[in-house]
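The lines below spell out each chain.
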Amino acid sequence: MAEDGYNFAYLDEQTKRMIRRAILKAVAIPGYQVPFGSREMPLPYGWGTGGIQVTASIIGRDDTLKVIDQGADDTVNAVSIRKFFARTAGVGTTERTEDATILQTRHRIPETPLGPGQILVYQVPIPEPLRWLEPREAETRKMHALEEYGVMHVRLYEDIARFGHIATSYDYPVRVNGRYLMRPSPIPKFDNPKMDRSPALQLFGAGREKRIYAIPPHTGVRSLDFDDHPFEVQKWEDVCALCGSGESFLDEIVTDDRGGRMFVCSDTDYCGRRREAGHTGPATRDPEGSGA
Amino acid sequence: MAVLQCNALQLRYTGMMPEAPPLLSARGVTKYYEGIPGCRNVSFEVWPGEVLGIVGESGSGKTTVLNCISARLEPTSGTVEYATRHDGPADIYRMSEPARRLLMRTDWGFVHQNPREGLRMGVSAGANIGERLMAVGARHYGNIRQAATDWLDKVEMDTGRMDDLPFTFSGGMQQRLQIARNLVTAPRIVFMDEPTGGLDVSVQARLLDLLRGLVSDLGLAAVIVTHDLAVARLLSHRLLVMRRGEVVESGLTDQVLDDPQHPYSQLLVSSVIHP
Ligand SMILES: Nc1ncnc2c1ncn2[C@@H]1O[C@H](COP(=O)(O)OP(=O)(O)O)[C@@H](O)[C@H]1O
Ligand SMILES: [Mg+2]
Ligand SMILES: [Zn+2]
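The following refers to the structure shown. In this text the structure is predicted, and so the values were computed from the model without any measurement. (Residues numbered from 1 in each chain as written. Chains lettered and ligands numbered in written order. Predicted model: local features only at pLDDT ≥ 70, side-chain atom pairs only at ≥ 80, totals over all residues. Heavy atoms only, no water.)

Some details on the sheet that holds strand β1 (residues 34–35) of chain A
All names here are of chain A.
Argument step 1. The mixed open sheet is built from seven strands, whose spatial order is β1-β9-β8-β5-β4-β2-β3. This sheet does not close on itself; its edge strands, each paired only once, are β1 and β3 (92–93).
Argument step 2. Judged from the two bridges that link them, strand β2 (residues 64–69) and β3 form a sheet pairing that is parallel. From the neighbouring strand, Leu65 faces β3, where its bridge partner is Thr93. (Pairing = 2+ DSSP bridges. Helix = DSSP H or I, 4+ residues; strand = E, 2+ residues; numbered from the N terminus.)

Here you go:
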C-alpha cells in the first residue's frame with residue numbers, strides 16, 4: 001500500500017493525465033519529441049526526473065517495477081527511485097528483467113530481451129540530437145519537420161577523419177521508423193540494436209528540457225552510418241570474469257590498488273542469474289586465478 | 001588593349017543573352033525595415049553564366065537587395081523569380097519551404113564577408129566542404145573525402161590541411177574554404193556580399209583571380225555586392241549602381257565605369273580615379 005499523504009505515485013491526477021496525453025502523442029509519432037509541462041519533483045534534475053514522471057503517469061497498482069542505473073539495480077540512484085515508487089505507489093519491485101512490467105533505466109538496456117507488454121522508460125538528459133550544431137530551438141524544429149538530417153552525418157564524418165572510425169560510442173543517433181532523428185539517451189551503442197523492432201514499448205522522458213518521445217513496439221530503429229563505415233557495436237577481447245558471458249556489455253573494474261582489473265557484465269541481474277545457473281568466468285572458475 | 005578586352009567580353013556576354021531565359025529576375029523589390037527604406041523598386045535580371053555587380057556607398061541598400069533575392073529576407077513588396085531546373089520560373093517566396101531550402105543548399109551558394117558566418121567553425125575544413133553533399137544524401141565517406149580534396153585543390157588550398165579547423169586558417173584561406181563549401185554541389189548561382197572585404201590588398205588580389213577563374217570555368221552566375229569599384233570591374237559583366245536604396249544606373253560594367261551617365265555614378269567613379 002502507498003503511504004498516506006501522497007497521491008498514488010506522487011503526481012496529482014491532472015498532471016498524470018497531461019503526461020499521458022503527451023505519451024500517447026509520442027507513441028503516435030515515433031521518435032518525435034513532444035513537449036510537456038514538467039512538474040517539480042522531489043529529486044534534482046539529473047536524477048531522472050523525466051523518467052520518473054513518465055513512470056509515475058503510467059504505473060498502476062498491479063505493476064512490478066525494476067530500476068537500473070548503468071545496468072545495476074543497486075546503485076544509489078536506482079535504489080532511491082525504486083524506494084520512491086514503493087513508498088508512493090506501493091507497487092512491487094524486482095531486479096529480474098523478465099518479471100518487471102515497467103523498467104526505468106539510465107544508460108543501459110537490459111541484456112535479457114524484453115517481451116511484449118513490458119515498458120522500458122529511459123531517463124534522458126539531452127533530447128535534441130541536432131542541438132550540437134544548431135542552438136536555436138525554432139531551427140531544430142524546422143529541421144525535424146523538413147527531415148533535414150544530412151548534417152548529422154557531419155559529426156560521424158568528423159569522427160572518422162579524426163579517429164579512423166566512428167568513435168561516438170554513447171547516445172549514438174538513430175532514425176526511428178525511417179522518419180525522426182532521435183537521441184537514445186546515453187546508452188552505449190552496444191544497446192542500439194536492442195531498440196530495433198523490440199516487442200516492448202520504449203518511452204523517453206527528459207525532465208529539464210520537458211520532452212517525451214517514444215518507440216512503439218516492433219518499430220524499426222536504424223543507427224546512422226556511412227556505406228563504407230557501417231554501424232558497429234563495441235566488442236571485447238575478454239569475457240565476463242564472473243559469469244563468462246561473451247555476449248554482454250562489459251565494464252572494466254579495478255580490483256586492487258596494484259593495477260589489477262577485470263571485465264564484468266554491466267547488467268548485474270543478467271550476470272548474477274547466469275552465475276546462479278552455474279556459469280563461471282575466469283575469476284570464478286579457477287580458485288588460484290586472479291581476483292577470486 | 002583594355003578597350004579590345006572589354007569589347008571581347010561584351011560580345012561574349014551579349015551573345016549569351018538570347019539563348020536562355022533569365023536565371024533570376026527581381027521585379028519592383030522593395031524592403032522597409034520598420035518604416036525605414038532598405039531598398040526601393042529594384043528590378044533586374046541575372047542571366048545564366050553572368051556576373052552582376054552591385055556597387056554603391058555604404059548604406060545604399062546593396063546587402064538588402066542581395067538578401068532579398070537570395071531568399072534570406074522577404075521583401076515588403078515586389079517579386080523574385082528563379083528559373084528552377086525542373087519547374088521553370090518560380091517565385092522564391094511562394095514556393096514551399098522545403099523546396100526553397102533545398103534550392104538554397106544545392107542550386108545556390110552564399111559567400112559572406114565574414115567567413116565565421118559562412119563556415120561551421122567547430123568542424124574540420126573537409127567536413128565544411130562535405131556538409132552540403134551529406135545534406136543531399138551522400139553516404140560514402142571515401143567519396144565525400146575525395147570531393148573535399150578536389151575542392152581544396154580547386155581553391156588552391158593545401159589538401160594536407162583537410163582535417164584542420166577553420167580558425168587555424170588565415171582570413172584569405174577561410175574565404176577560399178567558404179567558396180569551396182558552396183561550390184561543391186555545383187550551384188548555378190552564387191551570391192557574394194563583399195567577399196574580399198576584410199582582406200589585405202595582396203590577399204584580395206589573389207582571391208579575386210581565383211574567383212574570376214572559377215566563375216568562368218564553371219559557367220557560374222553570380223551576384224557580387226561590393227563598395228569597391230576595382231573589384232566590380234574585375235569580376236562583373238554588368239553593374240547596378242545603388243544610392244539611397246534605389247538603382248540609379250545599370251549597364252555593362254565598362255560602359256558604366258568608363259562613361260557613367262548618372263551624376264552619382266560620375267561622382268563614385270571620379271572619387272576612385274582622383275582619391
Ligand atoms: N536590419 C536592419 N534594420 C533596420 N535598418 C536596416 C537593417 N539593415 C539595413 N538597414 C538600413 O537599410 C539601409 C540599407 O542598408 P544595407 O542594405 O545594409 O546597405 P549596404 O549593404 O549598401 O551598406 C541602410 O539605411 C541601413 O541602415
Ligand atoms: Mg552591406
Ligand atoms: Zn557476467
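A short note on the sheet that holds strand β4 (residues 77–84) of chain B
Residue and element names in this part refer to chain B.
Argument step 1. Read across the sheet, four strands follow the order β2-β1-β4-β5 without closing on themselves; strand pairing throughout is antiparallel. At either margin of the open sheet sits one strand with a lone partner, and together these are β2 (36–46) and β5 (88–91). Ignoring which end each strand starts from, the neighbouring axes of this sheet average 25° apart.
Argument step 2. Bridging between strand β1 (residues 24–33) and β2 involves seven bridges; their strand directions are antiparallel. Bridging across to β2, Val29 finds its partner in Val42. (Axes fitted to C-alpha atoms, helices over the stretch in contact; angles between N-to-C directions.)

Some thoughts on the interface of chain B and chain A
Argument step 1. Contacts between the two partners involve 20 residues from chain B and, on the opposite side, 20 residues from chain A.
Argument step 2. Across the chain B/chain A interface, buried area totals approximately 1800 Å², and carbon plus sulfur atoms make up 60% of it.
Argument step 3. For the chain B face of the interface with chain A, the top three residues by lost area are Arg101, Arg139 and Tyr141 of chain B, together amounting to 40%.
Argument step 4. Run the count over chain B and chain A and you get four salt bridges.
Argument step 5. Residues Arg101 of chain B and Glu148 of chain A are paired through a salt bridge, measuring 2.7 Å at the closest nitrogen-oxygen approach.
Argument step 6. At the surface where chain B touches chain A, the tally comes to 13 residue pairs in polar contact (both at pLDDT 80 or more).
Argument step 7. It is helix α5 (residues 125–135) of chain B that contributes the most residues to the side of chain B that touches chain A, five residues altogether.
Argument step 8. Its residues assigned to classes, the side of chain B that touches chain A comprises eight nonpolar, four polar and eight charged. (Contact = heavy atoms within 4.5 Å. Buried area = accessible area lost by both parts, 1.4 Å probe. Salt bridge = Lys/Arg side-chain N within 4 Å of Asp/Glu carboxyl O. Polar contact = N/O pair within 3.5 Å; in protein donor to acceptor, adjacent residues only side chain to side chain. Nonpolar A, V, L, I, M, F, W, Y, C, P; charged D, E, K, R; others polar.)

What about the site of ligand 1?
All names here are of chain B.
Argument step 1. The full set of residues close to ligand 1 is Tyr33, Pro37, Gly38, Glu57, Ser58, Gly59, Ser60, Gly61, Lys62, Thr63 and Thr64.
Argument step 2. At 2.8 Å, a side-chain N or O of Thr63 approaches an oxygen atom of ligand 1.
Argument step 3. Note that an oxygen atom of ligand 1 is positioned 2.5 Å from one of the side-chain N or O atoms of Thr64.
Argument step 4. When ligand 1 sits alone it has 560 Å² of accessible area, and the protein chains cover 58% of it.
Argument step 5. Of all the secondary structure elements, the ones that give two or more residues to the shell around ligand 1 are β2 and α2 (62–69).
Argument step 6. Top element by residues in the shell around ligand 1 is α2. It accounts for three residues.
Argument step 7. For the shell around ligand 1, a count of residues per class yields two nonpolar, seven polar and two charged. (Near = heavy atom within 4 Å. Areas by Shrake-Rupley, 256 points an atom, 1.4 Å probe, with all protein chains shown as cover.)

Examining the packing of aromatic side chains
Argument step 1. Across all of its chains, the model carries 14 aromatic pairs over all chains by this definition.
Argument step 2. When the ring of Phe226 of chain A is compared with that of Tyr141 of chain B, the centres are 6.0 Å apart and the planes differ by 65°; the resulting orientation is edge-to-face. Of the two residues, Phe226 of chain A is situated in the loop between β10 (221–223) and β11 (250–254) and Tyr141 of chain B in helix α6 (residues 141–154); the pairing between them involves two chains.
Argument step 3. Residue Phe226 of chain A is classed as buried on the basis of its relative accessible area, which comes to 1%.
Argument step 4. In this structure Tyr141 of chain B comes out as buried when scored by relative accessible area, which is 8%.
Argument step 5. Taken together, a centroid distance of 5.4 Å and an interplanar angle of 75° make the contact between Trp108 of chain B and Phe191 of chain B edge-to-face. Taken together, the residues Trp108 of chain B in strand β6 (residues 108–111) and Phe191 of chain B in strand β7 (residues 189–193) connect sequence positions 83 residues apart. Phe191 of chain B shares its class with Trp108 of chain B; the two are buried. (Phe/Tyr/Trp six-rings, centres within 6.5 Å; stacked < 30°, edge-to-face > 60°. Buried < 20%, exposed > 50% of the residue type's maximum accessible area, 1.4 Å probe, protein only.)

Regarding the pattern of salt bridges
Think of it this way: side chains of opposite charge can pair up when their charged atoms draw near.
Residues and elements named next belong to chain A.
Argument step 1. Overall, the coordinates contain 38 salt bridges over all chains when judged by the stated rule.
Argument step 2. Asp191 serves as the salt-bridge partner of Lys194, at 2.8 Å between the closest nitrogen and oxygen.
Argument step 3. A salt bridge links Arg258 to Asp256, with the nearest nitrogen and oxygen atoms 3.7 Å apart.
Argument step 4. By relative accessible area, which is 28% here, Asp256 ends up partly exposed.
Argument step 5. In this structure, a network of salt bridges that share partners links the residues Arg108, Glu111, Asp191 and Lys194.

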